[in-house]
Amino acid sequence: GQAVSIVPYMQELTTLEAAELLGVSRQHLVRVVEAGKILFHMVGTHRRMYLEDVLEYKKERDLQRHEILGEMALADVEAGVYDRVVVPAE
């Protein structure tokens, strides 16, 4: 039920296209790019990045998130959070 697109791996993306792919705002993406986390080049006064670099950043970001969530879940299990039942006050 989802659309599929076939694009060249070295496809150039605008900041807006890359931000949409990552699910972040364009301004947040610009900060990430300026911090050197995604390679980019200038075309006139506009930043462009390659799809390959954006997908690599996404892969690393998602892996890091997964590891952090695993650590948080483990800490909660060790603290016994899952052994307690909390009934909300009415």
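Residues numbered from 1 in each chain as written. Predicted model: local features only at pLDDT ≥ 70, side-chain atom pairs only at ≥ 80, totals over all residues. Heavy atoms only, no water.

A. Broad picture of the overall build of the protein chain. Assigned secondary structure in the protein chain consists of three helices and three strands. Taken from N to C terminus, the helices and strands of the protein chain fall in the order β-α-α-β-β-α. Split into buried and exposed, the 90 residues of the protein chain put 19% on the buried side. When contacts within the protein chain are restricted to residue pairs at least 6 apart in sequence, those whose partners lie at least 24 apart make up 51%. Carbon together with sulfur atoms contributes 56% to the accessible area of the protein chain, which is approximately 7300 Å² in total. Averaging the positions of the 10 positive and the 15 negative side-chain charges in the protein chain gives two centres separated by 7 Å. (Helix = DSSP H or I, 4+ residues; strand = E, 2+ residues; numbered from the N terminus. Buried < 20%, exposed > 50% of the residue type's maximum accessible area, 1.4 Å probe, protein only. Contact = heavy atoms within 4.5 Å. Areas by Shrake-Rupley, 256 points an atom, 1.4 Å probe, with all protein chains shown as cover. Lys, Arg positive; Asp, Glu negative; His and termini not counted. Charge placed at Lys NZ, Arg CZ, Asp CG, Glu CD.)

B. Molecular detail of helix α2 (residues 26-34). For α2, the full list of buried residues reads L29, V30, V32 and V33. Viewed along the axis of α2, the buried residues span an arc of 160 degrees, placing them on a single side of the element. Of the residues trailing α2, G36 is marked for its positive phi of about 85 degrees. (Arc of directions from axis to C-beta.)

C. Just the packing of helix α1 (residues 15-22) against helix α3 (residues 51-78), in detail. Remark: α1 packs on α3, axes separated minimally by 11 Å, with the N-to-C direction vectors making an angle of 30 degrees. Judged on the interaxial angle alone, α3 and α1 are roughly parallel. Relative to α3, the crossing made by α1 is right-handed. In contact with A18, L21 and L22 of α1, α3 contributes L51, V54, L55, Y57, K58 and R61. For the contact of α1 with α3, the per-class residue count stands at seven nonpolar, no polar and two charged. (Axes fitted to C-alpha atoms, helices over the stretch in contact; angles between N-to-C directions. Parallel < 35°, antiparallel > 145°, perpendicular 65-115°, else oblique. Left-handed = near helix turned anticlockwise from the far one by under 90°. Nonpolar A, V, L, I, M, F, W, Y, C, P; charged D, E, K, R; others polar.)

D. Structural detail: the packing of α1 against α2. Packing of α1 against α2 brings their axes to within 9 Å, and their N-to-C directions diverge by 100 degrees. When the interaxial angle is binned, α1 and α2 end up roughly perpendicular. Contacts between α1 and α2 involve T15, L16, A18, A19 and L22 from the former and R26, L29 and V30 from the latter.

E. Geometry of α3. In a regular helix each residue adds 1.5 Å, so 28 residues correspond to 40 Å; α3 covers 40 Å between its end C-alpha atoms and thus fits that length. Every buried residue belonging to α3 is among L51, V54, Y57 and R61, and all of these are buried. Buried residues along α3 sit in contact with β1 (12-13), α1, α2 and β3 (46-50). Backbone geometry just downstream of α3 places G80 in the positive-phi region, at approximately 80 degrees. (Expected span 1.5 Å × (residues − 1).)

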